[in-house]
Amino acid sequence: MMNFRLAAKSFIVKDGKLLILKRSPTDVQRPNIWEIPGGRLELGEDPRQGIKRETKEETGIDIEVLHPINVRHFNRDDGQTITLLIFLCKALNNNLKISKEHSAYEWISLENCKAKLTDFFHEEVDIFNRLELSKLYTSQEQ
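In this report, the structure presented in the accompanying data block is examined. Each residue is numbered by its place in its chain's sequence as written, counting from 1. Residues qualify for local features only when their pLDDT is at least 70, as the model is predicted, and side-chain atom pairs are given and counted only at 80 or more; totals for whole chains, interfaces and linings, by contrast, use all residues. Hydrogens and waters are ignored; side-chain quantities use all the structure's heavy atoms.

1. Things to note about the overall build of the protein chain
Regarding its fold elements, the protein chain presents three helices and seven strands. Elements are defined by DSSP. Helices are runs of H or I of four residues or more, strands are runs of E of two residues or more, and each kind is numbered from the N terminus. Start at the N end of the protein chain and walk to the C end: the helices and strands fall as β-β-β-β-α-β-β-β-α-α. Considering only C-alpha atoms, the protein chain reaches an extent of 50 × 30 × 25 Å along its principal axes. Any residue under 20% of the maximum accessible area for its type is buried, any over 50% is exposed, and the rest in between are partly exposed; the area is computed with a 1.4 Å probe on protein chains only. Considering the protein chain as a whole, with its 142 residues, one finds that 48% of them fall into the buried category. Whether two residues are in contact is decided by their heavy atoms, any of which lying within 4.5 Å being enough. In the protein chain, 68% of the contacts between residues at least 6 apart in sequence involve partners at least 24 apart.

2. Considerations on the state of the cysteines
A covalent bond between the sulfur atoms of two cysteines is referred to as a disulfide. In plain terms, two cysteine sulfur atoms within 2.5 Å form what is called a disulfide here. Summed over all chains, the structure comprises zero disulfides. Unpaired in this structure, Cys89 has its nearest cysteine sulfur neighbour in Cys113, at a distance of 16 Å. Since its relative accessible area comes to 0%, Cys89 is described here as buried.

3. Things to note about the side chain of Asn93
Counting through the fold element by element, Asn93 comes out in the loop between β6 (81-91) and β7 (102-109). Excluding anything up to four places from it in sequence, Asn93 contacts Gly60, Ile61 and Asp62.

4. Notes on the pattern of salt bridges
A side chain with one charge can pair with a side chain of the opposite charge if their charged atoms come near. For salt bridges, the criterion is a side-chain nitrogen of Lys or Arg within 4 Å of an Asp or Glu carboxyl oxygen. Going through the model one piece at a time under the given rule, you end up with 12 salt bridges. One salt bridge connects Glu57 with Arg53, and the closest N-O pair in it is separated by 3.2 Å. Remark: Arg53 and Glu57 occur in helix α1 (residues 47-59); sequence separation between them is four residues, near one turn of the helix. Its salt-bridge partner being Arg76, residue Asp78 comes within 2.9 Å of it at the nearest N-O pair. Look at Arg76 and you get buried, because its relative accessible area is 18%. Ionic contacts of the salt-bridge type, sharing partners, join the residues Lys9, Arg23, Asp27 and Glu35 into one network.

Right, dumping it as structure tokens:
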């Protein structure tokens, strides 16, 4: 039997800055990396609802899911196969309070985020910039 799960991540941009979280140093899967909010979905869970749940659990922030920006496939260190959906999201409040899964957060400029953000999510930064989604996102704000 294949060990397979769906996961979702939220690419939250506010005022030209991306929300990134630092995994706890005790995390079994890639400790201390800087990533974007999200995680594995419950079996049968709608991905749009799942990313809202995961983001709220990890950050305290309610989000609006705007657009999918990428789909990735990979194997975790424990051998689990993951299909990951990454969504462009809008923060609906400023109630930022990270969970124990993470040790820090930062709103980092999109121009400089690759220096800190794990390489795994550089592709999404490139897609965001290449498609000029900041223009679309700004028009959503008005």
